[in-house]
Amino acid sequence: MGGKESKTELDDQKTERSQFFLDAAGTMRIWLNERVIFRHGEDGWRVWEAGLVLGRMAVAHPEWFAGKTVLELGTGVGIGAISILRFTDSTSVMLTDYNVGVLDNAQLNVVLNLPATGLDRARFQQLDWREYASFNETFDVIIGSDIVYDGAPFEELAALIKQALRPGGAAYIIIPSQRFRKEDFLKAMAAEPTSLIPEVLPLPAESYSCLLYTSPSPRDRQKSRMPSSA
């Protein structure tokens, strides 16, 4: 899972610019500003392996995002969003994070990787999962990596995903296979009310799992209500 080629120190706060490859051939690469050393609660400044797993999954399956609106939860440095914006034909991507400074850095990373003509496809919003009820937008696809952790508000996060995912949409959540508190998230996602269908997608990175949640389309929901023929 390598890919970091070079780094350049940007300022006295130890922000570095590093290059990462998203494919084996080394033709799909992105540059990211990150902090290897950061204060407690500023994990979003760091490039984590789960984010790279998400980015590589996205470029391996661009058809999942073509013509879609995308929401990234806990965007951090923006790996997932940037991978989709740069290497798929997505309609738009909204990057969200609780930490405003982290979100500002993600915006810089988007500018660093996208041509000026493509910047209007990216949107940015500070988002507290605990205030999901005030978030009124819906999306075709939701993505997230490393958003399942000790202390996360799982019930509110699950409610946000259920609320923001459009009928016929899909949510892709990357987590380490052995992540502590994983069961709490699964339980929150399974709690009523929900119509989402869960699935685990295989990944080349054996230490990670992709939790897929799909929302039935209106036609599928109508079929499920139709009486079966004898």
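Details of the structure are given in the entry above.
Attention in this report is confined to the structure presented alongside it.

### Points about the packing of aromatic side chains
Under the counting rule described, the total for this entry stands at 5 aromatic pairs. Note on Trp-129 and Tyr-149: the rings are 6.5 Å apart at their centroids and 45° apart in plane angle, and the pair reads as tilted. Placement of the pair is Trp-129 in the loop between β6 (122–126) and β7 (139–145) and Tyr-149 in the loop between β7 and α4 (154–164), with a sequence separation of 20 residues. You can call Tyr-149 partly exposed: its relative accessible area is 34%.

### Considering helix α3 (residues 100–113)
Compared with an ideal rise of 1.5 Å per residue, which puts 14 residues at 20 Å, α3 spans 20 Å between its outermost C-alpha atoms and is within 8% of the ideal. Its side-chain oxygen 2.9 Å from the backbone nitrogen of Gly-101, Asn-99 forms the N-cap of α3.

### Side note on unusual backbone geometry
Cis geometry is found at the peptide bond from Glu-192 to Pro-193, where omega equals 0°. Examined against the element boundaries, Pro-193 turns out to sit in the loop between α5 (182–190) and β9 (197–201). A positive phi angle, close to 55°, is found at Asp-146, a residue other than glycine. Mapping Asp-146 onto the fold places it in the loop between β7 and α4. On the accessibility criterion, Asp-146 (23% relative accessible area) is partly exposed.

### Some remarks on the pairing of strand β3 (residues 29–35)
In terms of burial, β3 is largely enclosed, as 5 of its 7 residues are buried. Bridge analysis of strand β2 (residues 15–21) against β3 gives 7 bridges, and the strand direction is antiparallel. Across the sheet, residue Thr-15 finds its bridge partner in β3, namely Arg-35.

### Quick look at the packing of α4 against α5
For any two helices packed against each other, one specifies the crossing angle of their axes together with the interaxial distance. Running from N to C, α4 and α5 point in directions that differ by 45°, and their axes come no closer than 8 Å. By the angle class used here, α4 and α5 are oblique. For the element pair α4 and α5, the recorded crossing hand is right-handed. Contact residues: Phe-154, Glu-155, Leu-157, Ala-158, Ile-161 and Lys-162 in α4; Asp-184, Phe-185, Ala-188 and Met-189 in α5. Grouping the amino acids of the contact of α4 with α5 by side-chain chemistry returns 7 nonpolar, no polar and 3 charged.

### Details of the side chain of Arg-121
Within the secondary structure layout, Arg-121 lies in the loop between α3 and β6. Among buried Asp, Glu, Lys and Arg side chains, Arg-121 stands out as unpaired, with Asp-120 the closest opposite charge at 6.1 Å. A polar atom in the side chain of Arg-121 sits 2.7 Å from the side chain of Ser-90. Those residues in contact with Arg-121 that sit more than four places away from it in its chain are Ile-84, Leu-85, Thr-88, Asp-89, Ser-90, Thr-91, Ser-92 and Val-93.

### Digging into the packing of helix α2 (residues 79–87) against α3
Two elements in contact, α2 and α3, have axes separated by 10 Å at closest approach and are oriented at 25°. Judged on the interaxial angle alone, α3 and α2 are roughly parallel. Considering the relative orientation of α2 and α3, their crossing is right-handed. When α2 is examined against α3, the residues Ile-82, Leu-85 and Arg-86 are found in contact with a partner set consisting of Asn-109, Val-110 and Asn-113. Classifying every residue of the contact of α2 with α3 by side-chain character gives 3 nonpolar, 2 polar and 1 charged.

### Side note on the sheet that holds strand β10 (residues 208–214)
The 7 strands are arranged β6-β5-β4-β7-β8-β10-β9 in an open sheet whose pairing can be described as mixed. Only two strands of the sheet have a single partner each, and these edge strands are β6 and β9. Between one strand and the next, the sheet's axes are offset by a mean angle of 20°, whatever the strand orientation. In this sheet, β10 lies alongside strand β8 (residues 165–176) in antiparallel orientation, the contact comprising 7 bridges. Within the sheet, the bridge partner assigned to Ala-170 lies in β10 and is Thr-214.

### Structural notes on the nonpolar core
Ranked by size, the top nonpolar core spans 39 residues in total, and within it Ile-30, Leu-32, Leu-95, Ile-143, Tyr-172 and Ile-174 carry the most contacts. Of all the secondary structure elements, the ones that give two or more residues to this core are β3, α1 (49–60), α2, β5 (92–97), α3, β7, β8 and β10. With residues up to four places along the chain from it excluded, the contact list for Ile-143 reads Leu-54, Phe-65, Val-70, Leu-71, Glu-72, Leu-73, Gly-80, Ala-81, Ile-84, Tyr-172 and Ile-173. Judged by nonpolar contacts, the second largest core, of 27 residues, contains Leu-73, Phe-154, Leu-196 and Leu-211.

Reading the values: the criteria
Residues numbered from 1 in each chain as written. Predicted model: local features only at pLDDT ≥ 70, side-chain atom pairs only at ≥ 80, totals over all residues. Heavy atoms only, no water. Phe/Tyr/Trp six-rings, centres within 6.5 Å; stacked < 30°, edge-to-face > 60°. Helix = DSSP H or I, 4+ residues; strand = E, 2+ residues; numbered from the N terminus. Buried < 20%, exposed > 50% of the residue type's maximum accessible area, 1.4 Å probe, protein only. Expected span 1.5 Å × (residues − 1). Polar contact = N/O pair within 3.5 Å; in protein donor to acceptor, adjacent residues only side chain to side chain. Pairing = 2+ DSSP bridges. Axes fitted to C-alpha atoms, helices over the stretch in contact; angles between N-to-C directions. Parallel < 35°, antiparallel > 145°, perpendicular 65-115°, else oblique. Left-handed = near helix turned anticlockwise from the far one by under 90°. Contact = heavy atoms within 4.5 Å. Nonpolar A, V, L, I, M, F, W, Y, C, P; charged D, E, K, R; others polar. Lys, Arg positive; Asp, Glu negative; His and termini not counted. Salt bridge = Lys/Arg side-chain N within 4 Å of Asp/Glu carboxyl O. Core = buried A, V, L, I, M, F, W, Y, C linked by side-chain atoms within 4.5 Å.

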